[in-house]
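# Structural features, examined
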Amino acid sequence: MELTEINDDIEAFLIESYENLNQIEQDIISIEKTSEQREALVRIYRSLHTIKGNCGFLPFPKLESLAHAGENLLSSLRDRQLAITPTIINTLLQILDSIRQILSQIEATRHEGDRDYSALITTLTQLQSTEQPMVASAVNQQASQLNPDTTYLNHELPEVSTLTASESSQIRVNVNLLDQVMNLVGELVLTRNQVIGFSTKFKDSSFTATCQHLSLLTSQLQEEIVKTRLQSISTIWQKFPRVTRDLAIAAGKQVKVDMEGIDTELDKSIIEAIKDPLTHLVRNCIDHGIELPAERTACGKSSVGRLFLRAFHESGKVNIEIGDDGRGLDSEKLKKRAQQLGLVSAVEAASMSETEAIDLIFLPGFSSSEQVTNLSGRGVGMDIVKNNIDKINGTIEIYSQQGQGTTFKIKIPLTLAIIPALIITSGGDRYAIPQANIQELVRLEAQAVNHIEMFYDVPVYRLRDTLVPLVYFDQVLQIANSDTNLEMFSLVIVQVDNYQFGLVVDTIEDIQDIMVKPLGKQLKAQSLFAGATILGDGTVTLIIDIVGLANRSGVTAKQKQQLLIENAVKDQDQVIDRQTILLFEGPGGARMGIPLTIAFRLEEILCSAVEKVGNQDVVQSYGKILPLIDLHKVFSHSYENNLRDQTKATVAETLQIVIVSPSSELNVALVVDRILDIVEEPLIITGVSSRPGVLLCAVFQGQITEILDIEAVIRIANPHLLQLITNG
């Protein structure tokens, strides 16, 4: 039992010490570049003091002596007795590396090891007497005579107490435990879907209400569990300024690091998987990409090279870009080098495209360096980078231009996440499309099918004066006997990068939360699918990779370019005057509309999900309680029954609602009779407001439509809700 407690103490000590080292490394790099150094020096001093103090509870005297020597040097720097010089910066980094060596040894063997650090401690002592002193005031001279520990207690103790109080609000949890909880929540989501499926077969309002509450709790639980596994990409990037500095000095280059999206969050398992690949790409950019200062100056560039790192979420994936403004890649030189190494033949090299030639750097054993150095030349690295990215079902692409630089673009799919997805059918089988890729759903009737045109050998459909290329999913799957009804089918408008295309499917079912599971080796080579999931009825469903589908279906870059040119040929005045309006049927069959800019979401809810709080009908949606406004009550003065009574008397069991957001402080749900369409047409005003709650009358699709004044509608239904906007 005592041994277990000691091991737990050592584990806690290691975790805290590594966190302190990461902070020290960032601060050392920052004081080398900035003139404001006081706060950074205080943080370094405090971190070293913490490591030294923790060693007092554990048998690590060697680490304690090294931290104490570094603390004394920091004390002189902090009190301005010494000036910061390159020698001192290098020595501080050497302290950092030595402490990390000791911690690694402790982590592996629970002992400090036999390495001798007395020479480094002697160097630290000598630096305090040999380095150039700074001009100190009388107060600083008196303070320098004080014991370092006494100085620390007099000035830093309140800050230490504050840190301790802050840390008490957090705990550390083993990642394996989080993995188990994540898997259990995934199974709970699947079970929730099954229970909701059963609820539609029974006409029991109490059971239905219980299922709705279970669905809400499950959704909230899965959101919180997913958050516990997320980490900022800064946990990786915080090491790169030090790596860049050391590599640049070793290569005789000058490099500046720019970072964007440092707060982008990823799953813990993905963070661990991409740590080494990203580090190698940074080394590759500095060693192979960025030129020497003299070479850059001769080319008209700044002598300081630029290394940039960028991270962001897009189309349901994590995108990471690492690049430089260096010399770029020469495809011809890469071909020749590959032939010299015996990786490709002359015939193969001659038939390669520029993209294929650049991808040669991913071949095992390939290196563009003629000589082996400490940084490169051994022919290992880039192939490992690609293999590690492939293991997490990611992709890596290279974009390079000679003389301008090279960019590595990594896209990581959601391999461990619970996401909303649209379930569709094609050829009798069901598939899932991540909701993040979906822009719009369209149902094509018989007369609309005849409007499909051929444009540069690509079938297109003109959707609100925009040509949308079509992809027939059954043809991509090569289903010979597809049951697709040519007289009527559904269209899923999906977004890929900066363009759209329509996916033609047999039917559209509904949107479900699904647990993304990685594909096996047999299907991993298929670029059409990004993963698989299990639906509520227990069937396995493949998740469509929209990017892979676009590439497989022949929606090429050339075709996209032609479509963009065609769509750009429009009357500029008409584009400016166009308004996008959501059309729906209101009370008495009235044709109504609201600007799409304030329409947040369209939903269909069960009547039993409507609850009453005071005099206000409400509904729970995505973890929020939304006021429910029935337009019959707003526009029909004779309507006296409340919404709950109406839903009981209505034959239909569901309500169609439009969630609108007139301000950032208020969201409400409007009950409408039927959603009609989303149109984008010039706004032709034909009349002023016809009744309270209507802003104006306009013509859309040749019919007079009442455009609602949302704030006026809310004022009629419940004026109290508008106080949220006023107070905000």
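Nothing here was measured: the structure is a model prediction, and the numbers come from that model.

### What about the packing of aromatic side chains?
Inspection of every chain in the model, using the stated rule, returns two aromatic pairs. Judged by centre distance (6.2 Å) and plane angle (5 degrees), the rings of Tyr431 and Phe529 are stacked. A residue pair is termed long-range when its members are at least 10 positions apart, and Tyr431 in strand 9 (residues 429-434) and Phe529 in strand 17 (residues 529-534) qualify at 98 residues. Like Phe529, Tyr431 is buried. One residue, Lys409, lies across the ring of Tyr399, its end atom 4.5 Å from the ring centre.

### Remarks on helix 4 (residues 86-109)
With 24 residues, helix 4 should reach 34 Å at 1.5 Å per residue; the first-to-last C-alpha distance of 35 Å fits that figure. For helix 4, the full list of buried residues reads Ile88, Ile89, Thr91, Leu92, Leu93, Ile95, Leu96, Ser98, Ile99, Ile102, Leu103 and Ile106. At the C-terminal side of helix 4, Arg110 shows a positive phi close to 70 degrees.

### A word on a nonpolar patch on the surface
A surface patch of nonpolar side chains, about 300 Å² in accessible area, is lined by Ile171, Val173 and Leu177. Along the chain, the position of Ile171 falls in the loop between helix 7 (148-167) and helix 8 (175-199).

### A closer look at the sheet that holds strand 25 (residues 654-663)
Spatial strand order, 21-25-26-24-23-22: six strands in an open sheet with mixed pairing. The open sheet has two free edges, formed respectively by strand 21 (599-606) and strand 22 (611-613), since each of these has just one partner strand. For this sheet, the mean inter-axis angle between neighbouring strands, taken without regard to orientation, is 40 degrees. Contacts between helix 26 (residues 710-717) and the sheet are confined to strand 24 (624-630), strand 25 and strand 26 (666-672), with strand 26 contributing the most and set at about 80 degrees to the helix.

### Section: the packing of helix 2 (residues 38-55) against helix 3 (residues 61-78)
One can describe the packing of helix 2 onto helix 3 by two numbers: an axis separation of 9 Å at closest approach and a directional angle of 155 degrees. The orientation of helix 2 with respect to helix 3, classified from their angle, is roughly antiparallel. Crossing hand, helix 2 versus helix 3: left-handed. Residues Arg38, Leu41, Val42, Ile44, Tyr45, Leu48, His49, Ile51, Lys52 and Cys55 of helix 2 lie in contact with helix 3, whose contacting residues are Leu63, Glu64, Ala67, His68, Gly70, Glu71, Leu74, Ser75, Leu77 and Arg78. Residue classes in the contact of helix 2 with helix 3 are distributed as 11 nonpolar, four polar and five charged.

### A closer look at the environment of Arg80
With respect to the helices, strands and loops of the structure, Arg80 is situated in the loop between helix 3 and helix 4. Residues Arg80 and Arg38 lie 42 residues apart in sequence; the distance between their C-alpha atoms is 9.0 Å.

### So, the packing of helix 12 (residues 268-289) against helix 17 (residues 382-391)
Where helix 12 contacts helix 17, the two axes come as close as 9 Å, and the packing angle between them is 150 degrees. Regarding helix 12 and helix 17, the two cross each other, and that crossing is left-handed. Counted together, Ala273, Ile274, Pro277, His280, Leu281 and Asn284 of helix 12 and Met382, Val385, Asn388 and Ile389 of helix 17 form the full contact between these two elements. The class makeup of the residues in the contact of helix 12 with helix 17 is seven nonpolar, three polar and no charged.

### Things to note about the sheet that holds strand 7 (residues 405-412)
One open sheet holds the five strands; their spatial order is 2-4-5-7-6, and the pairing between them is mixed. Of all strands in the sheet, those with a lone pairing partner are strand 2 (255-260) and strand 6 (395-401), marking the two edges. On average, adjacent strands in this sheet sit at an angle of 15 degrees to one another, irrespective of strand direction. Helix 12 rests against strand 2, strand 4 (305-314), strand 5 (317-324), strand 6 and strand 7 of the sheet, and its axis sits at about 20 degrees to strand 5. Packing of helix 17 onto the sheet brings it into contact with strand 6 and strand 7, and relative to strand 6 it is tilted by some 135 degrees.

### Some points on the confidence of the model for the chain
Where the model shows low pLDDT, its predicted coordinates should not be examined in detail. Averaged over all residues, the pLDDT of the chain is 76; the fraction at 70 or higher stands at 78%. Mean pLDDT per element in the chain: helix 6 (residues 138-144) is the minimum at 34, and helix 13 (residues 293-298) is the maximum at 92. Counted against residues more than four places away or in other chains, residues 563-576, with its pLDDT under 50, gives 12 contacts. Below a pLDDT of 50 lies the segment residues 638-651, which in the model reaches 19 contacts outside its immediate sequence neighbourhood of four places, other chains included.

Procedures and definitions
- Residues numbered from 1 in each chain as written.
- Predicted model: local features only at pLDDT ≥ 70, side-chain atom pairs only at ≥ 80, totals over all residues.
- Heavy atoms only, no water.
- Phe/Tyr/Trp six-rings, centres within 6.5 Å; stacked < 30°, edge-to-face > 60°.
- Helix = DSSP H or I, 4+ residues; strand = E, 2+ residues; numbered from the N terminus.
- Buried < 20%, exposed > 50% of the residue type's maximum accessible area, 1.4 Å probe, protein only.
- Lys NZ or Arg CZ within 6 Å of the ring centre and 35° of its normal.
- Expected span 1.5 Å × (residues − 1).
- Patch = residues over 30% accessible without salt bridge, like charges linked within 9 Å, V, L, I, M, F, W, Y side chains within 5 Å.
- Areas by Shrake-Rupley, 256 points an atom, 1.4 Å probe, with all protein chains shown as cover.
- Salt bridge = Lys/Arg side-chain N within 4 Å of Asp/Glu carboxyl O.
- Pairing = 2+ DSSP bridges.
- Axes fitted to C-alpha atoms, helices over the stretch in contact; angles between N-to-C directions.
- Contact = heavy atoms within 4.5 Å.
- Parallel < 35°, antiparallel > 145°, perpendicular 65-115°, else oblique.
- Left-handed = near helix turned anticlockwise from the far one by under 90°.
- Nonpolar A, V, L, I, M, F, W, Y, C, P; charged D, E, K, R; others polar.
- pLDDT = per-residue confidence, 0-100.

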